[in-house]
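Observations on the three-dimensional arrangement
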Amino acid sequence: LIPQKSKQISDLRSSLKMSMNNSPNVFLDPNANRFQVNIINESHDNNETSQEDVGSDPPHYEETSFTDEAHNRLRISYRPGKRELYDNFLQNGEKTEASLHPYDTHTKMYYLQTFGHNTVDPVPKIDYYRNTGSVSGNKLSRPSLLEIHEQLAKVTERVANGESTAGDETVVSKEEENKTGFVKFGWVKGVLVRCMLNIWGVMLFIRLSWIVGQAGIGLGVIIILLATMVTSITGLSTSAIATNGFVRGGGAYYLISRSLGPEFGGSIGLIFAFANAVAVAMYVVGFAETVVELLKESDTLMVDESNDIRIIGTITVVCLLGISVAGMEWEAKAQVILLVVLLVAIANFFIGTVIPTNNEKKARGFFNYQASIFAENFGPDFRSGEGFFSVFAIFFPAATGILAGANISGDLKDPQDAIPKGTMLAILITTVAYIGVAISSCVVRDATGNINDTVVPGMSCNGSSACSLGYDFSRCASQPCDYGLMNNFQVMSMVSGFGPLITAGIFSATLSSALASLVSAPKVFQALCKDNVYKGLHFFAKGYGKNNEPIRGYVLTFVIAMAFILIAELNTIAPIISNFFLASYALINFSCFHASYAKSPGWRPAFRYYNMWVSLFGALLCCGVMFVINWWAALITYAIEFFLYIYVTYKKPEVNWGSSTQALYYINALDSALALTTVEDHVKNFRPQCIALTGAPMIRPALLDITHTFTKNNGLCICCEVYTGPRKLCVKEMNSGMAKKQAWLTKNKRKAFYAAVAADSFRDGVRSLLQASGLGRMKPNTLVIGFKKDWRNATATQVENYVGIIHDAFDFELGMIIVRISQGFDISQVLQVQGTCYLLPHLSEILPYFFLITESTINTIQSMHVGEFNQKLLEASTQFKKKQGKGTIDIWWLFDDGGLTILIPYILTIRKKWKNCKLRIFTGGKVNRIEEEKLVMASLLSKFRIKFADINIICDINIKPNKESWKFFEEMIEPYRLHESCKDITTAEKLKRETPWKITDAELEAFKEKVKPCLLFHMCTFSYTPDRINLAILFMVPVGLT
């Protein structure tokens, strides 16, 4: 607030100060204004300063700075004289007695120094925006307006007494969290190191040479770049999703589930966790193959090659399991050591390529950098049925390590900063390394390993590069050889400067990748189980130790890895993993696209280097690559994912993560509603769109059921409730019950909406609903109400409101349906007896018009046998839920009302529960034209394509009612007649003014002719349908059928 006149403000503050001194308990005064506050002096150093401040001009507040001060991370508004305190804090990082911590928004003095007065309303604070159950802190509740308006005195007293506030509890919770000893990693140790180690896996040392031999250097680089393109796009999408809010543990599962919802997240989470478990087996088998090669060279095989791989793999995975179970801290230390070894091994390879070769290495195909070898190896030479995509399928698992850091997102200090930075940098570094190794292939494709296979003078050369370099490996064309890119998986070890370092690098790469996968799989699986998407797997959600380690998940991963280790074939395992990981990548990319396309205001990723269409291309690319790699494996993957998606959708887990799927539902619904407004109404498309005065849906279930019968999957249905009484109490109850009552409709599979209003009277509330309900073309055109059963005992105001609602419906051009059943619709008495009523204890006080709970009805209940009464009422309330037997629906179509009277019963007959009922039509006609009238009506119904069982012509519809009927009518209206003719003029005029709703003698005479058809109709209905159970009286503003 900027003061305009300092003197006026000064006087105001002085008066407030005096008021505070004279009335110390001003907040406890019920007559005080609810917005009154106590002004606190600006400086609290001493009392003298305070007194001076009272008479001085008010402080001038500066606007919030939007400069780059403090690295754009701390923006502060300063008070006069306080800037040096903040500067002292920023420069020294210390908090003096007079200074105030800029983030200290929970102490008592913060509000006093910030606003100059004590206030219950809090300043913006992260604790009010956390998700429920957030691991980063407790979610606090802001004070409601009721607390601010009415409980300010209590809160002020509590603060003055030094009691703990919500902010203090947050500090305690954070201190306890810090004391628990969680191990958190930065972006280098947590993401970059893990991703690099996982990408530099078994493929780099024992398969990349074979890939270059098959595809050549040119296509080999293309394979690497294609895989990099897939992973880079996925990395960008992952970075965007990871920076859009707080990221908890769960990696790819967490990112997908929070973006696309539990259906996609639950299906892909299980597959992704399984893929990581299988990846453990792949990396361990790669390690075991290297060990077996060493044993083979020294002729110390234990059994044979395959079984030795199984034995060594089993021992290795047991050791890795022990490291993982020991905790993330030990696992992280092991990863750093393995990275150092790996980097030394890679450097050793490049150094070896420039060290002059010897005769032994030449015999094995290594000739240093030679242009002829580069030219020969540049083109492809696919053998043994291999092709571009099959080779790509073998290589692609090497790129799947990009999520190694994201998979432990719950163990990162700042996932939003670490995941984008570490993941993208790891992709860049590893891609450069892979391309460098591929280009540095200084080995021919085939070599014998025999130093005597040299070219002698006079020998014809086959034109190969080896021949031009003095070696003849031509016999490799007719018989298998053991060396060369195509035959020897240990080419890098041979080329390197020091062979054992490459072996150590292989051990480091395979073990680090296996260790990362062994940690990732249980972490992802634990996050999936914690969300309880699959209730049967909740057993694995339990964690142990300070880092909540998923020990049970480790054991399960161990079992899965052991099963695939027994296969002992790396080329068999790799394509399976490729499809699983590609499916995960496809959904991550689609999640980013979907979130951007939904245009939700909540989609605000801090990472800006992404594009929704690039993400969509990445998703399609992943799907296409899946089929190209292995079409039947892709089909199996999609089948599994689809099955899990259907399962999760059917189970409907009770979670709400604000997914982009929900946002897109809203966008689609909004677009459809807007598009519908451009479509003009046509009689062909008329459908009953009902607003039903049910009150709370559970109070009048039968009225809801009969309305729902002809609106389900066909039209709009809105269950409405009117709250009357003290406005504050009504609004509070209305707001608190909205979600519950809509949830009741959903739980009971009622396709309807719930709406409520608070009004001064029942009629005013209904009038508001009739005018404002609906959206665009989806507006109610029919009002459905129950028959007022207690109209004889009700007050005049209640009856006037009820009748007035009928007139209001016609004034607003709505159709009218009044439904009556013998027991009535209101079962609130039963719910009260059962103790399950959702209404307030003061129901009869707040809703006297709507629920019609009067003393007479309560006395009736008490006088009857409660069990018998409840049983009959409950049976009546559920009668429309049951299947209706073979019966007849009588339609009294006496006047042309536009067709609603015939349309509603027809819709009932096409419903499953009413399909055995037939239509019987009653209409008026002349005695001498009965058959002709039947033919006319039958012709009309046939044009409307409405089947009927019988047509009855009522011939006595225009005759006078008998004396008994007229006497019954007069007795019925007697309490509502004015009888002004029997009174003097003054008394009659006074009664007219006091009770304008009463029937005068003149009005009775004027409407006598209109009353007669109603009495005749009453007589006819009893004579033709004496055993009726339900009677529906329908009125409609003419709309016409076609």
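Note: the structure precedes this text.
Computed from a predicted structure; not experimentally measured.

Along the chain, Thr316 turns up in helix α13 (residues 305-326). The contacts of Thr316, once residues within four sequence positions are left out, are Val284, Phe287 and Leu511.

What follows is about the packing of helix α10 (residues 208-242) against helix α16 (residues 371-378). At their nearest, the axes of α10 and α16 sit 6 Å apart, and the two run at 105 degrees to each other. With respect to α16, the axis of α10 lies roughly perpendicular. Here α10 contributes Val212, Ala215, Gly216, Ile217, Gly218 and Leu219 to the contact with α16, which in turn contributes Phe374, Asn377 and Phe378. Counted by class, the contact of α10 with α16 contains six nonpolar, three polar and no charged residues.

Further remarks concern the state of the cysteines. Within this structure, the stated rule accounts for one disulfide. Between Cys476 and Cys481 runs a disulfide, and the two sulfur atoms are separated by 1.8 Å. Between Cys476 and Cys481 the sulfur-sulfur dihedral comes to about -105 degrees; the bridge is accordingly left-handed. Grouping residues by exposure puts Cys476 and Cys481 together as buried.

Turning our attention to the side chain of Thr782. Relative to the assigned elements, Thr782 resides in strand β4 (residues 782-786). Taking the relative accessible area as the measure of exposure, Thr782 reaches 0% and is therefore buried.

Before going further, it helps to spend a moment on the environment of Met492. For Met492, the location among the structural elements is in helix α20 (residues 491-495). The spacing of Met492 and Leu204 is 288 residues in sequence and 9.0 Å in space, taken between C-alpha atoms. Excluding residues within four positions of it along the chain, Met492 makes contact with Leu204, Phe205, Phe349, Val437 and Ile502.

Right, let's talk about helix α8 (residues 187-199) for a bit. The buried fraction of α8 amounts to 10 of the 13 residues, a majority that puts the element mostly inside the structure. Those residues of α8 not exposed but buried are Gly190, Val191, Leu192, Val193, Arg194, Cys195, Met196, Leu197, Asn198 and Ile199. At its buried positions, α8 is contacted by α12 (262-297), α14 (328-354), α18 (415-439) and α21 (499-530).

A surface patch of positive charge is lined by Lys652, Lys712, Lys749, Lys751, Lys881 and Lys913. Mapped onto the fold, Lys751 is located in the loop between α28 (727-747) and β3 (753-759). By relative accessible area, Lys751 is classed as partly exposed at 48%.

Time to look at α28. Working note: α-helix, 3.6 residues per turn, so residues spaced by three or four point in the same direction. Taking 1.5 Å per residue as the helical rise, α28 with its 21 residues ought to reach 30 Å, and the 30 Å between its terminal C-alpha atoms agrees with that figure. A maximum bend of about 40 degrees is found in α28 at Gly737. Looking only at α28, the buried set comprises Cys730, Glu733, Met734, Gly737, Lys741, Trp744 and Leu745. At the exit of α28 stands Lys749, carrying a positive phi of roughly 55 degrees.

The phi torsion at Asn713 lies on the positive side, around 55 degrees, for a residue other than glycine. Asn713 gets classed as exposed once you look at its relative accessible area, which sits at 58%. A positive phi angle, near 55 degrees, is found at Arg945, a position not held by glycine. With respect to the helices, strands and loops of the structure, Arg945 is situated in the loop between α36 (930-943) and β8 (950-954).

Let us now look at the sheet that holds β8. The strand order across the open sheet formed by three strands is β6-β7-β8, and the pairing between neighbours is parallel. Only two strands of the sheet have a single partner each, and these edge strands are β6 (888-892) and β8. Taking the axes of each pair of neighbouring strands and ignoring which way they run, one obtains an average angle of 20 degrees across the sheet. The sheet contacts of helix α35 (residues 900-909) involve β6 and β7 (918-924), and relative to β6 the element is tilted by about 170 degrees. Along the sheet face, α36 touches β7 and β8 and points at about 135 degrees away from the line of β8.

Calculation notes
- Residues numbered from 1 in each chain as written.
- Predicted model: local features only at pLDDT ≥ 70, side-chain atom pairs only at ≥ 80, totals over all residues.
- Heavy atoms only, no water.
- Helix = DSSP H or I, 4+ residues; strand = E, 2+ residues; numbered from the N terminus.
- Contact = heavy atoms within 4.5 Å.
- Axes fitted to C-alpha atoms, helices over the stretch in contact; angles between N-to-C directions.
- Parallel < 35°, antiparallel > 145°, perpendicular 65-115°, else oblique.
- Nonpolar A, V, L, I, M, F, W, Y, C, P; charged D, E, K, R; others polar.
- Disulfide = S-S within 2.5 Å.
- Buried < 20%, exposed > 50% of the residue type's maximum accessible area, 1.4 Å probe, protein only.
- Patch = residues over 30% accessible without salt bridge, like charges linked within 9 Å, V, L, I, M, F, W, Y side chains within 5 Å.
- Areas by Shrake-Rupley, 256 points an atom, 1.4 Å probe, with all protein chains shown as cover.
- Salt bridge = Lys/Arg side-chain N within 4 Å of Asp/Glu carboxyl O.
- Lys, Arg positive; Asp, Glu negative; His and termini not counted.
- Charge placed at Lys NZ, Arg CZ, Asp CG, Glu CD.
- Expected span 1.5 Å × (residues − 1).
- Bend = angle between axes of the 7 residues up to and from the residue.
- Pairing = 2+ DSSP bridges.

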